[in-house]
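What the coordinates show
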Amino acid sequence: MKYILVTGGVISGIGKGVIASSIGAIMKTVGFRVTSIKIDPYINIDAGTFSPYEHGEVFVLDDGGEVDLDLGNYERFLDVTLHRDNNITTGKVYQQVINHEREGRYLGKTVQVVPHITDAIMDWVECVARKPVTVDGLEPEICIIELGGTIGDIEGMPFVEAFRQFQFRVGRGNFCCVHVSLVPQPSSTGEQKTKPTQASVRELRGLGLYADIIVCRSEKPIGPEVKRKLSNFCHVAPHQVICLHDVDTLYRVPVMLAEERVLHALQECLHLRLPTGMKPRRCMARWRDLAERAAHLRRTVTIALVGKYTSLQDSYASVIKALQHAALAAGRRLDLQCVESEHLQDACKTDDPVRYHEAWRHLCRADGLLVPGGFGHRGVEGKLAAIHWARVNNKPFLGVCLGMQVAVIEYARNVVGLKDATSTEFVQDTSEPLIIDMPEHNTGQMGGTMRLGRRATEFKDGKPSLLQQLYGTARVDERHRHRYEVNPVYVERLEKAGLHFVGQAEDKEATRMEIVELPDHPYFIGVQFHPEYLTRPTRPSPPYLGLVLAACGKLTSYLAKGRRLTSRYRRESTGDTSSDEELAELSQAVTGCMTPVTEGARDTPASGAASEGSSGGSEEAAAAAAAAAQSPLVGAGDSAVAAGEQKTAAKAAKPAPAASA
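Keep in mind that this is a model prediction, so the values were computed, not measured. (Residues numbered from 1 in each chain as written. Predicted model: local features only at pLDDT ≥ 70, side-chain atom pairs only at ≥ 80, totals over all residues. Heavy atoms only, no water.)

Okay, the environment of E342 next. With respect to the helices and strands, E342 occurs in the loop between strand 11 (333-340) and helix 14 (346-351). A C-alpha to C-alpha distance of 9.3 Å links E342 and V306, two positions 36 residues apart in sequence. In this structure E342 touches C348, R378 and G379, once residues within four positions along its chain are discounted. In this structure the side chain of E342 is engaged in a polar contact, spanning 2.9 Å, whose partner is the side chain of R378. (Helix = DSSP H or I, 4+ residues; strand = E, 2+ residues; numbered from the N terminus. Contact = heavy atoms within 4.5 Å. Polar contact = N/O pair within 3.5 Å; in protein donor to acceptor, adjacent residues only side chain to side chain.)

As structure tokens, then:
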């Protein structure tokens, strides 16, 4: 087993997650089996009780683990299925050690940070590194470990000490430290400064860890002179200084690391032997193709994301990734308009009319609407208004988790006539409890008590379903994270009024309403699960792909062609004039260069190479070959903004005019 530790210096949020994921993707590309571990030095047991404003979204794994969003990056880049133990926190380690002390495992000894906490960390890493993360069940060969925070943080000291000892436990030839640091360029001088990186590497050495590879993050490319200076003062060879500047798309990061010969540096440090006949440059063709496609899309699709955490896009990291993957498959550049749901409410019209009209302007100009998950009553009235607008104006709509629940409430109020319909999450003693809590998943303890993890949803026999056509199966397995559900008492009444519950889950406790659709609407779908957690660049999530295709006016054509995305549309979208034969030849050449994509895996716009330190994945690794020869269909676009219910009635009688491309 080989271990690669990724540490950070100077500032946090520098992009360690994306860099760790990209290194793992390169190793997997050349044939190694790779797993990942994320270490978060906070005392929380897990990320489940965090506000999204603290660390971004809470990512959910198959086994129900609520973890840091970086594990979402790892799953997407590496196309693996991780476990809750792949996320280590200070709280988990201390809880384990204290439990062992209570059980008498330390034989009456004084329990201390060294050796008991550090030993627990090392044992945990060794155990988790050997857990299979792919469907073939084979043990990984390389483990990428990301240490959260920056070197010198007091919270991270036990972990740094543990890895100082760990390098000798496993042997220096099996351990490599990659240090990620910032090379700032003050506007006053325009000169790239190396002192922060020098100080960071010096502090790392003082704690007993030596940087084998230094990855320098910068706004602009770093010149050879700066690289030589860093090599001289940081005690590494010039080829061990890797320069990584901001780029247009995250898909370029693995390509840039490969061009900087990071694989060669890792081979030297870890004594790696590549499989016979393996040509790393040829294997990176998929990544290069994916990056080029993402960078050269010309047409756009505008999606309005209406939520309550829109000031921090990492709060919706996986949602935005799912939209990006769907847009890439559709051959469109995603124009994401994040709309604060409170700004759509009537109260805002009085308090802040500028924001109110600005929010509605963004919504009305969008091609489609997405209302993601969330908790609490704040901003719910704004979401209701947005969903009502999408329903009466035939705008494509997707509601996820809370978004689905709010869509059901909107329909019950405005169509069924249940004016007091609401959720017990918002009004506990409501007379019309349309959405209720699940007592068996709400024990009074907040952490880890929701309905979590991957669960099966069955489509109802005899009910036509647009989403079933998109999935192409009678059953889907998706990840869940919710405490409330649609009250089954109201289901029959809602269905008689025209709202169809087409999918449900048979838990041992009860029957759950999982999927809701509105017939005779271009695309009005709500799902109780979170399909964004299983999206991949070459396998976009079907609900998100359906939303984007409907917003482009291509959904009907896509389904008519048997859910096939054509290469012709790719050329129309990107300006690529290659023939279908050339694309097919490229696809075949690239296909043999990478390990097969595992069956078990399913996946914020980036401004900088690593500005998504909290988001990214093999998502991208599998992406290019399949996508190289495929991309959506052709069809007429729909949607001119209609306003008001009277216009909707007239619109229902005749087809909507096609919008110009």
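Next up on the list: helix 20 (residues 542-552). Across the 11 residues of helix 20, 11 count as buried, placing the element largely inside the fold. Within the sequence span of helix 20, burial applies to P542, P543, Y544, L545, G546, L547, V548, L549, A550, A551 and C552. On its buried face, helix 20 sits against strand 10 (300-307), helix 13 (317-329), strand 12 (368-371), strand 13 (397-400), helix 18 (466-471) and helix 21 (555-560). (Buried < 20%, exposed > 50% of the residue type's maximum accessible area, 1.4 Å probe, protein only.)

A word on the packing of aromatic side chains. Counted according to the given criterion, the structure contains 10 aromatic pairs. A ring pair is formed by Y42 and F50, whose centres lie 4.9 Å apart and whose planes are at 90°; its orientation type is edge-to-face. In terms of burial, Y42 and F50 fall into one category: buried. Members of the aromatic cluster, joined through ring pairs, are Y3, F163, F166 and F175. (Phe/Tyr/Trp six-rings, centres within 6.5 Å; stacked < 30°, edge-to-face > 60°.)

This brings us to the pattern of salt bridges. Taken as a whole, this structure holds 36 salt bridges when the rule is applied. In this structure, the salt-bridge partner of R130 is E139, at a minimum N-O distance of 2.9 Å. Residue E260 pairs with K227 through a salt bridge whose shortest N-O separation is 3.4 Å. Of this pair, E260 sits in the loop between helix 9 (252-259) and helix 10 (262-270) while K227 is found in helix 8 (residues 224-234), placing the two residues 33 residues apart along the sequence. Taking relative accessible area as the criterion, K227 reaches 22% and is therefore assigned partly exposed. Within this structure, K38, D40, D68 and D70 form a network of salt bridges that share partners. (Salt bridge = Lys/Arg side-chain N within 4 Å of Asp/Glu carboxyl O.)

It is worth spelling out the confidence of the model for the protein at this point. On average, residues of the protein score 84 in pLDDT, and 84% of them are at 70 or above. Scored below 50 in pLDDT, residues 574-661 shows 266 contacts in the model against residues more than four places distant or in partner chains. (pLDDT = per-residue confidence, 0-100.)

Read from one edge to the other, the open sheet built from nine strands follows the order 11-10-12-13-21-20-19-16-17, with strand pairing classed as mixed. The open sheet has two free edges, formed respectively by strand 11 and strand 17 (475-482), since each of these has just one partner strand. Shown here is a sheet whose adjacent strand axes are inclined to one another by a mean of 25°, direction ignored. The pairing of strand 20 (residues 511-517) with strand 21 (residues 524-527) spans three bridges and is antiparallel. The residue of strand 21 that forms the bridge with E517 is I525. (Pairing = 2+ DSSP bridges. Axes fitted to C-alpha atoms, helices over the stretch in contact; angles between N-to-C directions.)

One ladder, built from eight bridges, connects strand 16 (residues 451-459) with strand 17; its direction is antiparallel. Its bridge partner being in strand 17, A456 is matched across the sheet by D477. Pairing geometry for strand 16 and strand 19 (residues 500-506), over two bridges, is antiparallel. If you follow E458 over to strand 19, its bridge partner there is Q504.

Membership of the largest hydrophobic core comes to 49 residues, with the highest contact counts inside it found for I4, I23, M27 and I213. In terms of residue count, helix 1 (residues 16-29) provides more of this core than any other element does, seven residues in total. Not counting the four nearest positions on each side in its chain, I23 is found in contact with I4, I144, V178, L257 and L266. (Core = buried A, V, L, I, M, F, W, Y, C linked by side-chain atoms within 4.5 Å.)

Another aspect to go through is a nonpolar patch on the surface. A surface patch of nonpolar side chains, amounting to about 320 Å² of accessible area, comprises Y94, I98, V113 and V114. Take I98: it is sitting in helix 4 (residues 90-102). (Patch = residues over 30% accessible without salt bridge, like charges linked within 9 Å, V, L, I, M, F, W, Y side chains within 5 Å. Areas by Shrake-Rupley, 256 points an atom, 1.4 Å probe, with all protein chains shown as cover.)

Here the focus is the sheet that holds strand 18 (residues 484-486). One open sheet accounts for three strands, arranged 14-15-18; its pairing is mixed. Edge strands, defined here as strands with exactly one partner in the open sheet, are strand 14 (421-423) and strand 18. Taking the axes of each pair of neighbouring strands and ignoring which way they run, one obtains an average angle of 30° across the sheet. Where strand 15 (residues 432-437) lies against strand 18, three bridges are found, and the strand directions are antiparallel. Bridging from a neighbouring strand, I435 pairs with V486 of strand 18.

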